[in-house]
Amino acid sequence: MMQQLEKQKLTPSIFEKMSEHEQVVFCNDPVTGLQAIIAIHDTTLGPALGGTRMYPYETVDDALEDVLRLSEGMTKKCAAADLDFGGGKAVIIGDPKTDKSPALFRAFAQYVDALNGRFYTGTDMGTTMDDFVHALKETNFINGVPKAYGGSGDSSIPTAKGVVYALEATNDYLYGSNTLGDKSYAIQGLGKVGYKVAEHLMEQGATLYVTDIFDEAIERIVEKGKMHGTKVHVVRSEEIYEVDAHIFVPCAMGSILNETTIASLKVDAVVGSANNQLTTPDMAMKLREKGILYAPDYIVNAGGLIQVSDELYEPNAERVLWKTKAIYDTLLDVYKVATNNGITTEEAANIKCEKTLLEQRHRNNFYSRDRRPKWQVRE
Ligand code: NAD
């Protein structure tokens, strides 16, 4: 006991930081250079599910903070999309352009395998299906691999479709019609999701303002625009928040909605795939006060998750599309609840998820996941 207290004194911040989480696993393999963190937030609804991000975090604390936030978001995302999975996520510390190797992903997969089905993972920002084909050699707890390997294929396809449904629902709510083509959109990030969303909007005749930190990503959409006879307006990275468009579509990094960026925004709504867009929860109120409709990110970007979770029942594209279409109605419902109750859309969405988790905990009362002992609750 004494020893335990001593240990807690040594690392109080980590245990404080992960107080809402069931389990955090630090993965270290000096041979391949692997340094990764797996976070399992909540398994009330089922095994934890969430992608693996690779990013050159400056510090381990930054990586830990990111994985804790992202995994918590996954719990809500699974609940909002009515999936039988809980929330988890992993981050690999490193530059995806220079630090990848098949051996690194096999080493990472061994850590995933050791969790014996408590955590399923696949691609996220900075990782690709090819990376997880290597991982598959070590574990079966991988989703979203190519069809040739028994997976359902590229998960960014339904994610992008989900963003499009969310944009339609937002247009419906704000302007009384779900037509996309007569509006303008400021798109941040033209990667796997952002490019597909931009492509769809372009095909509908919409006006596009875009930015990306990689020139090739911009050139690709500008070329597509030329082929289509559409001019794509390219803006510098920091200018995207100031664009006078109808809707801001963040599809790059999280934590982009803060006091400064919100003050710059001229749009009517924010609807994008990026995870954890609000720097702090109170930013939802800032957006509301400014009259900007915020589509909670974890509802908008659930398409990929719907597809990868569906793999456990054998891939079925039709069912995935059907479930992904539900994002439209879920979002409309959240907008209405928020307006009718004078709360933010983020609060309305969180209440919806909490209700699902509570119902499930009640149904599964034989193995309730409320880990607090009763005496502590009374205290
Ligand atoms: P990606 O890595 O393919 O693309 C991200 C793009 O954003 C890249 O082109 C990158 O250059 C660009 N970018 C990075 N920082 C930027 C900045 N400061 N300004 C402008 N551009 C910047 O990732 P993705 O799969 O398209 O995912 C995009 C976002 O959506 C991420 O936040 C991811 O977590 C989230 N998301 C993705 C999926 C999916 O299925 N891929 C599912 C759910 C959520």
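Residues numbered from 1 in each chain as written. Predicted model: local features only at pLDDT ≥ 70, side-chain atom pairs only at ≥ 80, totals over all residues. Heavy atoms only, no water.

### Let's talk about the site of the ligand
Taken together, 23 residues surround the ligand, and among them Arg53, Thr159, Asp212, Ala252 and Asn275 come closest. Measuring from an oxygen atom of the ligand, one finds a side-chain N or O atom of arginine 53 at 2.8 Å. Broken down by secondary-structure element, the contributors of at least two residues to the shell around the ligand are α6 (156-175) and α7 (192-203). Mapped onto the domain boundaries, the shell around the ligand takes at least three residues apiece from domain 1 (20-77 + 85-142) and domain 2 (156-357). (Near = heavy atom within 4 Å. Polar contact = N/O pair within 3.5 Å; in protein donor to acceptor, adjacent residues only side chain to side chain. Helix = DSSP H or I, 4+ residues; strand = E, 2+ residues; numbered from the N terminus. Domains from an automatic or database assignment.)

### Considering the domain arrangement of the chain
Assigned domains of the chain: these are domain 1 (20-77 + 85-142) and domain 2 (156-357). Just the C-alpha atoms count here: the centres of domain 1 and domain 2 sit 25 Å apart. On the domain 2 side, the residues contacting the 20 residues of domain 1 number 22 residues. Between domain 1 and domain 2, roughly 1,800 Å² of surface is buried when both sides are summed, and carbon and sulfur atoms account for 64% of that area. (Contact = heavy atoms within 4.5 Å. Buried area = accessible area lost by both parts, 1.4 Å probe.)

### Observations regarding the packing of aromatic side chains
Evaluated as defined, the whole model comprises six aromatic pairs. Centroid distance phenylalanine 85 to tyrosine 120: 5.9 Å. Interplanar angle 80°. Geometry classified as edge-to-face. Highlighted residues: phenylalanine 85 in the loop between α3 (60-80) and β5 (86-93) and tyrosine 120 in strand β6 (residues 119-120), separated in sequence by 35 residues. Of the two residues, phenylalanine 85 and tyrosine 120, both sit in the buried class. Relative to tyrosine 335, the ring of tyrosine 173 lies with its centre 5.2 Å away and its plane at 40°, an arrangement referred to as tilted. In this pair, tyrosine 173 sits in helix α6 while tyrosine 335 sits in helix α13 (residues 317-341), placing the two residues 162 residues apart along the sequence. For tyrosine 335, a relative accessible area of 0% gives the class buried. Taken together, the ring pairs connect Phe85, Tyr120 and Phe141 into an aromatic cluster. Directly above the aromatic system of phenylalanine 214 lies the positively charged group of lysine 97, at a separation of 4.0 Å from the ring centroid. In this arrangement the basic side chain of arginine 220 is found over the ring face of tyrosine 195, its NZ or CZ atom lying 3.7 Å from the centre. (Phe/Tyr/Trp six-rings, centres within 6.5 Å; stacked < 30°, edge-to-face > 60°. Buried < 20%, exposed > 50% of the residue type's maximum accessible area, 1.4 Å probe, protein only. Lys NZ or Arg CZ within 6 Å of the ring centre and 35° of its normal.)

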